[in-house]
Amino acid sequence: MINRVYKVMFFLTIFAFCGSVAVFAAETKFEVPAFENGKAQLIFADAPLKTMTKTPFTIILTDGAGDEITDATLQISMDMPAMPMPPNNPAAGWDGDAYRGDAIFTMAGAWKITVDIERQGFAENSVVFEIEQVMMK
Ligand SMILES: [Cu+2]
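Parameters at a glance
- The residue numbering used here restarts from 1 in each chain and proceeds along that chain's sequence as written.
- Whole-chain, interface and lining totals are the exception, using all residues; otherwise, since this is a predicted model, local features are given only for residues with pLDDT of at least 70 and side-chain atom pairs are given and counted only at 80 or more.
- The side-chain quantities take in all heavy atoms of the structure and omit both hydrogens and water.
- Secondary structure elements are defined from DSSP: runs of H or I of at least 4 residues count as helices, runs of E of at least 2 residues count as strands, and each element is numbered from the N terminus.
- Think of it in three bands: with a 1.4 Å probe and only protein chains considered, a residue is buried below 20% of the maximum accessible area for its type, exposed above 50%, and partly exposed in between.
- By the convention used here, residues are in contact when the closest approach between their heavy atoms is within 4.5 Å.
- The Shrake-Rupley method, run with a 1.4 Å probe sphere, supplies the accessible areas, and residue values consider only the shown protein chains as cover.
- Metal coordination here is assigned from N, O and S atoms located within 2.8 Å of the ion, or within 3.2 Å for Na, K and Ca; omission of water means that sites may look incomplete.
- Any coordination sphere not matching a tetrahedral pattern (four donors, all angles between 85 and 135 degrees) or a square planar or octahedral pattern (four or six donors, opposite donors over 155 degrees apart, other angles between 65 and 115) is reported as irregular.
- Planes of paired rings set the category: under 30 degrees apart is stacked, over 60 is edge-to-face and the rest tilted, where pairs are Phe, Tyr or Trp rings (Trp by its six-membered ring) whose centres lie within 6.5 Å.
- To sit over a ring, a charge needs its Lys NZ or Arg CZ within 6 Å of the ring centre and within 35 degrees of the ring normal.
- Between any two strands, at least two bridges found by DSSP are needed for them to pair.
- Helix axes are fitted only over the stretch in contact, all axes being lines through C-alpha atoms; the angle between N-to-C directions runs from 0 to 180 degrees.
- Here, a salt bridge means any side-chain nitrogen of Lys or Arg that lies within 4 Å of a carboxyl oxygen of Asp or Glu.
- Throughout, nonpolar core names a set of buried Ala, Val, Leu, Ile, Met, Phe, Trp, Tyr and Cys residues whose side chains join them through atoms within 4.5 Å.

## A short note on the overall build of the protein chain
(1) Moving on: Helices and strands together make up the secondary structure of the protein chain, namely 1 helix and 8 strands.
(2) Moving on: Reading the protein chain from its N terminus to its C terminus gives the helix and strand order α-β-β-β-β-β-β-β-β.
(3) Moving on: Here the protein chain holds 137 residues, and the buried ones make up 34% of them.
(4) Moving on: Nonlocal contacts in the protein chain, meaning residues at least 24 apart in sequence, comprise 54% of its contacts between residues at least 6 apart.
(5) Moving on: Here the protein chain has roughly 8,800 Å² of accessible surface; of this, 60% comes from carbon and sulfur atoms.

In structure tokens, the structure reads:
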């Protein structure tokens, strides 16, 4: 009987732990078409997105054949559609399996993130991610 109680407590603890991990693993994902049948994904390691918070992000570029593009140089520009904002250009470099960097949204509201993609031997490509709402911290 005691044994069974311990078993139940053990599983409840595991479930509680998994629940908190899920909260920490919250993400905000965006995906737009790119490269003739390919796609560009932008994944922030936070949800909802908040102002004045260093927010790690991952960019995954996939070509039309489904292969990940690993040799691009990215130039990122963070803007607000509603108003001019100071330049906000986080660096994002190749990091083993994706491009990674850290973004800081300096104001609440809608944001637009433009990623210019340069590759040797390819025409320059741009993708735009529209973020509806960044929340006040
Ligand atoms: Cu603004």
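## Observations regarding the coordination of the copper ion
(1) Moving on: On the protein side, the copper ion has M80 (SD), M83 (SD), M85 (SD) and M107 (SD) as donor atoms, found 2.3 to 2.5 Å from it.
(2) Moving on: One can describe the donor arrangement at the copper ion as tetrahedral, given that its 4 donor atoms subtend angles of 99 to 131° at the metal.
(3) Moving on: In primary sequence terms, the donor set of the copper ion follows M-x2-M-x1-M-x21-M.

## With respect to the packing of aromatic side chains
(1) Moving on: Under the criterion given, the structure shown has 5 aromatic pairs.
(2) Moving on: Residues W94 and Y99 carry aromatic rings whose centres are separated by 4.9 Å and whose planes lie at 70° to one another, so their mutual orientation is edge-to-face.
(3) Moving on: An aromatic cluster is present here, built from F30, F44, F57, F105 and W111 joined pairwise through their rings.
(4) Moving on: A cation over a ring is seen here: R119 above F122, with NZ or CZ 4.0 Å from the ring centre.

## Some points on the sheet that holds strand β8 (residues 125-134)
Two strands in a sheet stick together by hydrogen bonds in their backbones, pointing the same way (parallel) or opposite ways (antiparallel).
(1) Moving on: Taken together, 3 strands build an open sheet; the order of strands is β4-β7-β8 and the sheet is antiparallel. Each of the sheet's edge strands pairs with one partner strand only, and the pair in question is β4 (73-79) and β8. Strand-to-strand twist of the sheet, defined as the mean angle between neighbouring strand axes without regard to direction, takes the value 20°.
(2) Moving on: Looking at chain direction, strand β7 (residues 109-118) and β8 are connected through 8 bridges and run antiparallel. Residue T114 lies in a different strand from β8, and its bridge partner there is V128.

## What to know about the pattern of salt bridges
(1) Moving on: Within the structure shown, the criterion is met by 5 salt bridges.
(2) Moving on: Close ionic contact of D71 with R119 constitutes a salt bridge, the shortest N to O distance being 2.9 Å. With D71 in the loop between β3 (55-62) and β4 and R119 in the loop between β7 and β8, this residue pair connects regions lying 48 residues apart in the sequence.
(3) Moving on: The partly exposed category is assigned to D71, whose relative accessible area is 44%.
(4) Moving on: Ionic pairing is found between D95 and R100, a salt bridge with its closest N-O pair at 2.8 Å.

## Topic: the nonpolar core
(1) Moving on: Counting 29 residues, the largest nonpolar core has F44, L61 and I113 as its most contacted members.
(2) Moving on: Mapped onto this core, the elements with two or more residues apiece are β1 (28-34), β2 (38-44), β3, β4, β6 (99-103), β7 and β8.
(3) Moving on: What F44 contacts, discounting residues up to four positions off in sequence, is A26, E27, T28, F30, L49, T55, P56, F57, A103, F105, I113 and I131.

## What about the pairing of β6?
(1) Moving on: Burial along β6 is one-sided: the residues Y99, G101 and A103 are buried and none of R100 and D102 is.
(2) Moving on: Judged from the 5 bridges that link them, β3 and β6 form a sheet pairing that is antiparallel. Directly across from I59, in β6, lies its bridge partner Y99.
(3) Moving on: Alignment of strand β5 (residues 93-94) against β6, held across 2 bridges, turns out to be antiparallel.

## Considering the environment of N37
(1) Moving on: Mapped onto the fold, N37 is located in the loop between β1 and β2.
(2) Moving on: Once residues within four sequence positions are removed from consideration, N37 is found in contact with D63 and G64.

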